[in-house]
Amino acid sequence: MASVRVCSVDELAENEASRFVLEGVPIAVVKDSAGAVFAIGDTCTHGDISLAEGFVEDDTLECWAHGSKFSLKTGKPLTLPAYEPVPVYQVEITDGDVHIDPAVTLAV
């Protein structure tokens, strides 16, 4: 599968997560305060909760339900109760648009 256009970079609010479902895969997309865009699996590995409903702080996305923070760069949980990572997807910016291939995760 090839990368899919998700949205324009301008449509993403700074330091907030947006949820997209690409080919049945839920993905949380975040634009940080420096303008970098990250994409991680949207489902918390602790409790089947949408991470996009959580809070962005620095380079983490925190699950609103139980407080686990996941690294936007590696997908690894940085706080309990989650201990399993979420997948991280490669983000490509082309002509101001965000493109993600939901079939390809980054090895970190």
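Here is a short report on the structure shown in this document. Just so it is clear, the model here is predicted, and its values are computed rather than measured. (Residues numbered from 1 in each chain as written. Predicted model: local features only at pLDDT ≥ 70, side-chain atom pairs only at ≥ 80, totals over all residues. Heavy atoms only, no water.)

Let's talk about the side chain of Ser50
Quick reminder of the rule: Where helices and strands are cited, they refer to DSSP runs of H or I of at least four residues and of E of at least two residues respectively, numbered from the N terminus. Exposure categories follow from relative accessible area, calculated using a 1.4 Å probe and restricted to protein chains: below 20% of the type maximum is buried, above 50% is exposed, and the middle band is partly exposed. Note on contacts: a residue pair qualifies if any of its non-hydrogen atoms lie within 4.5 Å across the two residues.
You can see Ser50 is positioned in the loop between β4 (37–41) and β5 (55–57). Given a relative accessible area of 14%, Ser50 falls into the buried group. If we ignore the near neighbours within four places in the chain, the residues touching Ser50 are Arg19, Asp42 and Trp64.

Some thoughts on the side chain of Lys31
As a reminder of what qualifies: Under the rule applied, a polar contact is a pair of N or O atoms within 3.5 Å (in protein, one hydrogen donor and one hydrogen acceptor; residues adjacent in sequence only if both atoms are side-chain atoms).
As for its position among the elements, Lys31 is in strand β3 (residues 25–31). Engagement of the side chain of Lys31 in a polar contact is seen with the backbone oxygen of Leu12, the distance being 3.1 Å. Ignoring anything within four residues of it in the chain, the contact list for Lys31 reads Val9, Leu12, Ala13, Glu14, Asn15, Glu16, Ala36 and Val37.

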